[in-house]
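Structure assessment
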Amino acid sequence: MDVIEDLLARTRFGESVALCTVVAASGSTPHGPGTSMLVTGDGCVVGSISGGCVESEVYELALEVLSSGEPRLVSYGADDESVFSVGLMCGGTIDVFVERVGPSNVAELEFAVKVADRGQTAVLATLVTSTGPAPPRSGAHLVIADRSVKGSLGVGSLDDAVVRAADSLTSSQTLSGPDGDVVFARVLTPKPRMIVFGATDFVAAVAHAAAFTGYRVTVCDARAVFATKDRFPMADDVVVDWPDRYLRQQVDAGLIDARTAICVLTHDDRFDVPLLEVALAVPEIGFVGAMGSRRTHDDRVARLRERGIDDSQLARLSSPIGLDLGGRTPEEIAIAIMAEIISRREGGTGLPLRDRDGDVHQRAGVSVSAPVARSSQGT
């Protein structure tokens, strides 16, 4: 969502930009649907859509769209005659939609981002192509958030169908309308949370790595002298509180979900054991990991058993935390920790790519042409 936030910042100053978005992807491609790149009026580029394969080609197209205002949909694939000129050699195919966005048509994007910032999911639908008898203009936007709808794709029956389809969307993808309309539905979700407990140099490194990979980071420690914003500027929040009490408050407030990662790096049983007792008792938490030697781990497990934590709950504990990368510095350990979290989240093997068969860029079951249900009016 960083590209969209940059777009909003520029349009507030009256600037128009070209928004280039991957709306469909198949085979081995670096990025999936929803990945975006901006091209500004003065020729600057923000973001990337293909890891360098087709950026130059899309850049030239974006300048044309900025000048004309007419959106364009283009496809790049390994079987195209132009493959060598654009450099798409990964073997996959991507469809890219390029549109001009400025102060006059940014309202729906602003609304979608505000919804995500409030901790809710929004679906930003964009009309990519239309083949109806009186086709509406491609580039029209519609936002669905909870029970609120803002904007229109130009045809009421198509709006209704997309609103119904949005209820079941969990990832960004194209929707095929019954009359040949193509709508790209971008799912904007709040950043996943990472709560790092402790106030050491390892915590600072993990907080930095987590923020870099898209987490909203909270650092929590009971010692006010160590838990300061000056020491952890990369964290979104720095909290001074007893770790178990803070986590329990977050659980009770409904602020913990399956995308939340808990990293216990205090390395002190006074904090670790009560905190892990709370964390492991909440099955909704997506990841729970703790730092420590194997001796520390064994002692910690024994104490948790004494507190009533059973085998099924203990099986959720990743301890010692991190993949075996052989690193020792705080930064290297942070990379090992984030590698494990990403691998768990995305279903990765943790193996070197050279030792695994199949596409390099595997993507879990994202439909690129989901049908939109027919409305009662027959559209």
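Residues numbered from 1 in each chain as written. Predicted model: local features only at pLDDT ≥ 70, side-chain atom pairs only at ≥ 80, totals over all residues. Heavy atoms only, no water.

- In the nomenclature of an unreviewed UniProt entry, the protein is known as XdhC family protein of Mycolicibacterium mucogenicum DSM 44124.

**Some details on the overall build of the protein**
- Helices and strands together make up the secondary structure of the protein, namely 11 helices and 17 strands.
- Split into buried and exposed, the 379 residues of the protein put 47% on the buried side.
- When contacts within the protein are restricted to residue pairs at least 6 apart in sequence, long-range pairs at least 24 apart make up 60% of them.
- Of the roughly 18,300 Å² of accessible surface on the protein, a fraction of 49% belongs to carbon and sulfur atoms. (Helix = DSSP H or I, 4+ residues; strand = E, 2+ residues; numbered from the N terminus. Buried < 20%, exposed > 50% of the residue type's maximum accessible area, 1.4 Å probe, protein only. Contact = heavy atoms within 4.5 Å. Areas by Shrake-Rupley, 256 points an atom, 1.4 Å probe, with all protein chains shown as cover.)

**Details of the nonpolar core**
- In terms of nonpolar packing, the biggest core is built from 25 residues, with Met-194, Val-196, Tyr-215, Val-217, Cys-263, Leu-265 and Ile-341 touching the most fellow members.
- Breaking this core down by element, the ones donating at least two residues are β11 (193–197), α6 (201–212), β12 (216–221), β14 (261–264) and α11 (330–346).
- The element that contributes the greatest number of residues to this core is α6, accounting for 7 residues.
- With residues up to four places along the chain from it excluded, the contact list for Leu-265 reads Val-196, Phe-197, Phe-202, Val-203, Val-206, Met-291, Ile-321 and Ile-337. (Core = buried A, V, L, I, M, F, W, Y, C linked by side-chain atoms within 4.5 Å.)

**Focus on helix α1 (residues 2–11)**
- Buried within α1 are the following residues: Val-3, Ile-4, Leu-7, Leu-8 and Thr-11. What you see down the axis of α1 is that its buried residues fit within an arc of 140°, all on one side.
- Along its buried surface, α1 packs onto β1 (17–26), β2 (36–40), β3 (45–47), β5 (93–101), α4 (107–117) and β10 (182–188). (Arc of directions from axis to C-beta.)

**Description of α6**
- The end-to-end C-alpha distance of α6 is 17 Å, a good match for the 16 Å that 12 residues give at a rise of 1.5 Å each.
- What α6 keeps buried is the set Val-203, Ala-204, Ala-205, Val-206, Ala-207, Ala-209 and Ala-210.
- Residues of α6 that are buried make contact with β11, β12 and α11. (Expected span 1.5 Å × (residues − 1).)

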